[in-house]
Amino acid sequence: MRIGSDFEKIEFNFCGFDLLEPNSLIGNTILFISAIIISRKVQKLSIESPFFNFWRVFFIAFGCSFFIGGLGHGFYNYWGVVGKYPGWIASIISLYFMERAMLSLLEHHRRSLFIFLSKTKLIVFVILELSIFTFFDMKGNPQLGLLVPSIASAMGFLTCLGYLGWRYAQKINSSFRYFYWSVVVLIPSAVIQGMKISLTPWFDRSDLSHLLLLVVILLHWKGVREYAKSYLTR
């Protein structure tokens, strides 16, 4: 185990390419496949509602962001830190669809305002991320690229999954408890990343976070599925 610093990146050769971090490639690919499978399951619910439609798009966008991110890790020797930019931007965009899904159940007189705020947040955070890429030394400190997506995630998860999940569980259906529990599951990830806690080179802090994220999207699917049952009954 290592705390406070990272292990050296694992190098490997595949089809003549000198690649890095096979563990990140595997973890990101698992998240991608899992998210796409879940999006398909949401589609099979065959419910025409903004809540379910936005969740389906979220799972697709979420999965794609991690697939792109995995490629950025693997091909770092060729693309450098620039190869990670698309994955970071995609993660910010994916959050927007999650927010829209949860906001779609707000009372009508409040919904328009919060949708406007969500759209504004998306634009502002994408511009901030692009500004960091442009004006800061990303080669010297690539972790700066994670700052904006991390703040965007914290804001989106705490407000839309944490607060609204709790509120909907009280007023709409108990199935929404899975959404605010997903926020609780993510708390250890912040500690792991902040303290740089890695078990082994083949299972480092990013892999631990990926494992928690897998649990998180499974909780999201559980919440969507359970609410679908009550929605169809109603």
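Please refer to the structure placed before this passage.
Residues numbered from 1 in each chain as written. Predicted model: local features only at pLDDT ≥ 70, side-chain atom pairs only at ≥ 80, totals over all residues. Heavy atoms only, no water.

Chemist: With reference to specific residues and values, describe the packing of helix H2 (residues 50-74) against helix H8 (residues 205-233).
Modeler: It is the contact of H2 with H8, at a shortest axis distance of 11 Å, that shows an interaxial angle of 165°. In terms of axis orientation, H2 runs roughly antiparallel to H8. Of the two possible hands of crossing, H2 and H8 adopt the one that is left-handed. Where H2 approaches H8, its residues Phe51, Phe52, Trp55, Phe58, Phe59, Phe62 and Phe66 are matched on the opposing element by His210, Leu213, Ile217, His220, Trp221, Val224, Tyr227, Ala228 and Tyr231. Class assignment for the residues of the contact of H2 with H8 results in 14 nonpolar, two polar and no charged. (Axes fitted to C-alpha atoms, helices over the stretch in contact; angles between N-to-C directions. Helix = DSSP H or I, 4+ residues; strand = E, 2+ residues; numbered from the N terminus. Parallel < 35°, antiparallel > 145°, perpendicular 65-115°, else oblique. Left-handed = near helix turned anticlockwise from the far one by under 90°. Contact = heavy atoms within 4.5 Å. Nonpolar A, V, L, I, M, F, W, Y, C, P; charged D, E, K, R; others polar.)

Chemist: Break down a nonpolar patch on the surface for me, citing the residues and quoting the values.
Modeler: Together, Met1, Ile3, Trp181, Val184, Ile187, Val191, Met195 and Leu199 give the surface a local cluster of nonpolar side chains, amounting to about 790 Å² of exposed area. Ranked by the residues each element gives to the nonpolar patch, the list is headed by helix H7 (residues 177-195), at five residues. Considering the arrangement of structural elements, one finds Met195 in helix H7. Residue classification places Met195 among the partly exposed positions, given a relative accessible area of 44%. (Patch = residues over 30% accessible without salt bridge, like charges linked within 9 Å, V, L, I, M, F, W, Y side chains within 5 Å. Areas by Shrake-Rupley, 256 points an atom, 1.4 Å probe, with all protein chains shown as cover. Salt bridge = Lys/Arg side-chain N within 4 Å of Asp/Glu carboxyl O. Buried < 20%, exposed > 50% of the residue type's maximum accessible area, 1.4 Å probe, protein only.)

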